[in-house]
Amino acid sequence: MKKIILVTLAIFPLATVFAQQAPPAASSSPAPTVSNAMPAIAADVDALRQQVQSLTDTVKALQQQVKDQQAALEKANLAGESGLPQNPEPSPIAGAESAAPSGSAPPQFPTEDTSVVSSTTAPAVSGTPALGGFPTTDTSVVTSAPETISSTGAGASLTQPITIGGGKNYMNISLDGLFALAYSSARDLDNIEVGDHDPQQRGFNARNIELTFDGAVDPYFEGFANIVFKLDNDNETEVEVEEAFMQTTSLPFNLQLKAGQFFAAFGRLNPTHPHTWDFADTPLVNGLFLGPDGLRGVGAQGSWTLPLPWYSQLIFASQNGRGSTGFSFRNPGDDGMFFDRITTDREARGLQDFVWIPRFENSFNLSDTQTVLAGVSGAFGSNETGADSRTQIYGADLLYKWKSSHAEGGFPFVKWQTEFMYRRFQAGHGADDSFPVAETFHDWGLYSQVLWGFKKGWVAGIRGDYVHMQDSEFTDDLDRQSRWRISANLTWYPTEFSKIRLQYNQDFLERNFFLSAREVESVFLQWEFILGSHGAHKF
């Protein structure tokens, strides 16, 4: 097959050159005077024409052979799919000849998910979206990743994905390393930072080394997995399965199902991974309400993109909500304590013990250069501080993005993003009614951030955080201290596969019944690299 294509490519230009050198056809104008050498020239031209005709016939025959072989391959593929979906062992040889999962164009994979179809760029969308389509080409809205820079043109990749297999079954692999050098006026930086991937100590930190797999399972499903390695403050390695799930690709009526271990679609930041964040650490409200590792767990999710002229999607999920990744729900806490109560740490009794997570989001373009996305979310379930204790969290988020009509590589741009959350937490008497009182905490918080991409590859940002924790005369817990924070940073993206970020934080912790007020200053120098082409993260 390869030899036929190479022969075709070699002969076809030669035939074209000969054809261009052939004399033009005779016109109706008087013939010019001909010398005695004319018969010889005419004979040469005749012979040349015959050679060109012969070469043209040969090219046509080769082209027909190629078409016949492609048809035979497609029939073989169809025959292999006549029974149950096949999933052969992938080839150990990466696609060296082509970045695509298949060398010759196979039948199209029935999905538009950019993390499977392409691992570098999202598909362009016209100004008038198709039914249920996303009405913008803005990468910060279509995906949660920051603006990517490419020195080889818009959407070009500086390196190919590490691909195993080909055709309809393939797998991309990438490695992302995120590190930070930290200084803080507080010795207990791990108590100041609320996220598990945030810098945890003075000095060097390696809190997120992420191995990512994504690919096509078969014509009906695609799969994703993120395995994260972390080094704690004693340089001991921790491993966690951050996400591992499969989702459908071709359900009717704009429906999609997902099942496995995944981040809950709550707000804008929670479903994303640390390497896509605009700041070096987690906003206070996310870490204190949804947990240091975010709200995630084993469960199932369904989504429906509504048939409207703008992007509108309903999402509904259910998860176990158990452990530290179900922070405000069935979380046994550190050493069996949460908010000073001995936790029950019980098995699920029924549907009431699962976490139920609905979300509704809409997006539209204000103009050719302005995009708005707004969403509301909820999370409802039981918690471990009492037999009948419940938690409800409500959230609202807003994104506004402006990008110049003369943008180069996505720059310049201005992006404003904010999230608000309210939590109603019923703190019971604890296991065996060991705590003297039951309380209901009404807590709320928000963050708001502005990013300015002022020059290609350079982004400046500022963020404000505030969390209000209802005071208590009975509950003495570090996580129940009201606080606020101001952050400013400057990020440089040399390419889409690396970044360097400098960030300054000033934290203000307010006095409550048990804890005194504090002010803390911190500085972080963060750097990141990506090996392979990291798939786009849909928000």
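All of these numbers come straight from a predicted model, not from anything done at the bench.

**A look at the overall build of the chain**
Then, number 1: For the chain, the helix and strand inventory stands at 6 helices and 19 strands.
Then, number 2: When the 539 residues of the chain are sorted by exposure, 45% land in the buried category.
Then, number 3: Put simply, of all contacts in the chain between residues at least 6 apart along the chain, 65% involve residues at least 24 apart.
Then, number 4: Working note: accessible area of the chain is about 26,300 Å², and carbon and sulfur atoms make up 61% of it.

**Points about the side chain of Thr212**
Then, number 1: Along the chain, Thr212 turns up in strand β3 (residues 203-216).
Then, number 2: Judged by its relative accessible area of 7%, Thr212 is buried.
Then, number 3: Side chain to side chain, Thr212 and Asn226 meet in a polar contact 3.1 Å long.

**Side note on the environment of Phe204**
Then, number 1: On the secondary structure map, Phe204 appears in strand β3.
Then, number 2: Setting aside residues up to four positions removed in sequence, Phe204 forms contacts with Ala180, Leu181 and Trp527.

**Thoughts on the pattern of salt bridges**
Then, number 1: Taken as a whole and judged by the stated rule, the model has 27 salt bridges.
Then, number 2: Salt-bridge contacts for Asp196 lead to Arg207; the nearest nitrogen and oxygen are separated by 3.1 Å. With Asp196 in the loop between α5 (189-192) and β3 and Arg207 in strand β3, this residue pair connects regions lying 11 residues apart in the sequence. For the pair Asp196 and Arg207, a shared accessibility class is recorded, and that class is buried.
Then, number 3: A salt bridge links Lys415 to Asp278; its shortest N-O distance comes to 3.3 Å. Here Asp278 lies in the loop between β6 (255-263) and α6 (284-290) and Lys415 lies in strand β14 (residues 411-427), a separation of 137 residues in the sequence.
Then, number 4: On the accessibility criterion, Lys415 (6% relative accessible area) is buried.
Then, number 5: Under the relative-accessibility criterion, Asp278 is labelled buried at 12%.
Then, number 6: Each of Glu193, Asp281, Arg463, Asp465, Arg483, Arg485 and Asp507 takes part in one network of salt bridges that share partners.

**Things to note about the packing of aromatic side chains**
Then, number 1: Considering all chains together, one arrives at 21 aromatic pairs under this definition.
Then, number 2: Counting every residue linked through ring pairs, the aromatic cluster contains Phe327, Phe338, Phe339, Phe425 and Phe441.
Then, number 3: Seen from the ring of Phe413, Lys401 lies directly overhead, with NZ or CZ sitting 4.6 Å from the centre.

**Comments concerning the side chain of Asp196**
Then, number 1: Overall, Asp196 belongs to the buried group, its relative accessible area being 17%.
Then, number 2: Beyond its immediate stretch of four places on either side in the chain, Asp196 contacts Arg207, Lys230, Pro292 and Asp293.

**Points about the nonpolar core**
Grouped burial of nonpolar side chains is what soluble globular proteins tend to show.
Then, number 1: Residues Phe289, Leu295, Ile357, Ala379 and Val467 are the most contacted members of the largest nonpolar core, which totals 24 residues.
Then, number 2: Of all the secondary-structure elements, those providing two or more residues to this core are α6 and β11 (355-367).
Then, number 3: Among residues more than four places away in sequence, those in contact with Phe289 are Phe327, Ser328, Ile393, Met421, Arg423, Asp443, Trp444, Gly445, Val467 and Met469.

**Examining the pairing of strand β19 (residues 518-531)**
Then, number 1: When strand β2 (residues 169-184) meets β19, the two strands line up antiparallel, connected through 10 bridges. Following the sheet pairing, Ser184 is matched in β19 by Ser522.
Then, number 2: By the bridge criterion, 12 bridges tie strand β18 (residues 498-509) to β19 in an arrangement that is antiparallel. Residue pairing in the sheet places Gln503 in a bridge with Phe524 of β19.

**Re a nonpolar patch on the surface**
Then, number 1: On the surface, Leu181, Tyr183, Phe204, Trp492, Ile500, Leu502, Tyr504, Val523, Leu525 and Trp527 cluster together into a nonpolar patch covering about 900 Å² of accessible area.
Then, number 2: Mapped onto the elements, Leu525 comes out in strand β19.

**Quick look at the environment of Glu242**
Then, number 1: If you trace the backbone, Glu242 turns up in strand β5 (residues 237-248).
Then, number 2: For the pair Glu242 and Phe263, spaced 21 residues apart in the sequence, the C-alpha separation amounts to 8.1 Å.
Then, number 3: Leave out the neighbours within four places in its chain, and Glu242 touches His197, Glu210, Asn226, Val228, Gln261, Phe263, His273 and Arg296.

**A few points about the confidence of the model for the chain**
Then, number 1: Residues with a pLDDT of 70 or more make up 73% of the chain, whose mean pLDDT is 81.
Then, number 2: Under a pLDDT of 50 for its full length, residues 1-38 has, in the predicted model, 24 contacts with residues more than four places off or in other chains.
Then, number 3: A low-confidence stretch, residues 78-159 stays under pLDDT 50, and its non-local contacts, those more than four residues away or across chains, total 165 contacts.

**A few points about the environment of Ala280**
Then, number 1: Along the chain, the position of Ala280 falls in the loop between β6 and α6.
Then, number 2: Relative accessible area serves as the criterion here: at 4%, Ala280 is assigned to the buried category.
Then, number 3: Once the C-alpha coordinates of Ala280 and Phe524 are considered, the two residues, 244 residues apart in sequence, prove to be 7.5 Å apart.
Then, number 4: Apart from the residues lying within four places of it in its own chain, the contact partners of Ala280 are Asp198, Pro199, Arg501, Gln503, Phe524 and Gln526.

**Quick word on unusual backbone geometry**
Then, number 1: Here Phe411 and Pro412 are connected by a cis peptide whose omega angle stands at -5°.
Then, number 2: Residue placement: Pro412 occurs in strand β14.
Then, number 3: Unlike most non-glycine residues, Phe253 shows phi in positive territory, near 60°.
Then, number 4: With respect to the helices and strands, the residue Phe253 is situated in the loop between β5 and β6.
Then, number 5: Since its relative accessible area comes to 67%, Phe253 is described here as exposed.
Then, number 6: One non-glycine residue, Phe339, lies in the positive phi region at around 50°.
Then, number 7: Assignment of secondary structure puts Phe339 in the loop between β9 (337-338) and β10 (341-342).
Then, number 8: Residue classification places Phe339 among the buried residues on the basis of a relative accessible area of 1%.

**A look at the pairing of β2**
Then, number 1: Sheet analysis places β2 next to β3, joined by 12 bridges and oriented antiparallel. Of the residues in β3, the one forming a bridge with Asp176 is Glu210.

Criteria and thresholds
- Residues numbered from 1 in each chain as written.
- Predicted model: local features only at pLDDT ≥ 70, side-chain atom pairs only at ≥ 80, totals over all residues.
- Heavy atoms only, no water.
- Helix = DSSP H or I, 4+ residues; strand = E, 2+ residues; numbered from the N terminus.
- Buried < 20%, exposed > 50% of the residue type's maximum accessible area, 1.4 Å probe, protein only.
- Contact = heavy atoms within 4.5 Å.
- Areas by Shrake-Rupley, 256 points an atom, 1.4 Å probe, with all protein chains shown as cover.
- Polar contact = N/O pair within 3.5 Å; in protein donor to acceptor, adjacent residues only side chain to side chain.
- Salt bridge = Lys/Arg side-chain N within 4 Å of Asp/Glu carboxyl O.
- Phe/Tyr/Trp six-rings, centres within 6.5 Å; stacked < 30°, edge-to-face > 60°.
- Lys NZ or Arg CZ within 6 Å of the ring centre and 35° of its normal.
- Core = buried A, V, L, I, M, F, W, Y, C linked by side-chain atoms within 4.5 Å.
- Pairing = 2+ DSSP bridges.
- Patch = residues over 30% accessible without salt bridge, like charges linked within 9 Å, V, L, I, M, F, W, Y side chains within 5 Å.
- pLDDT = per-residue confidence, 0-100.

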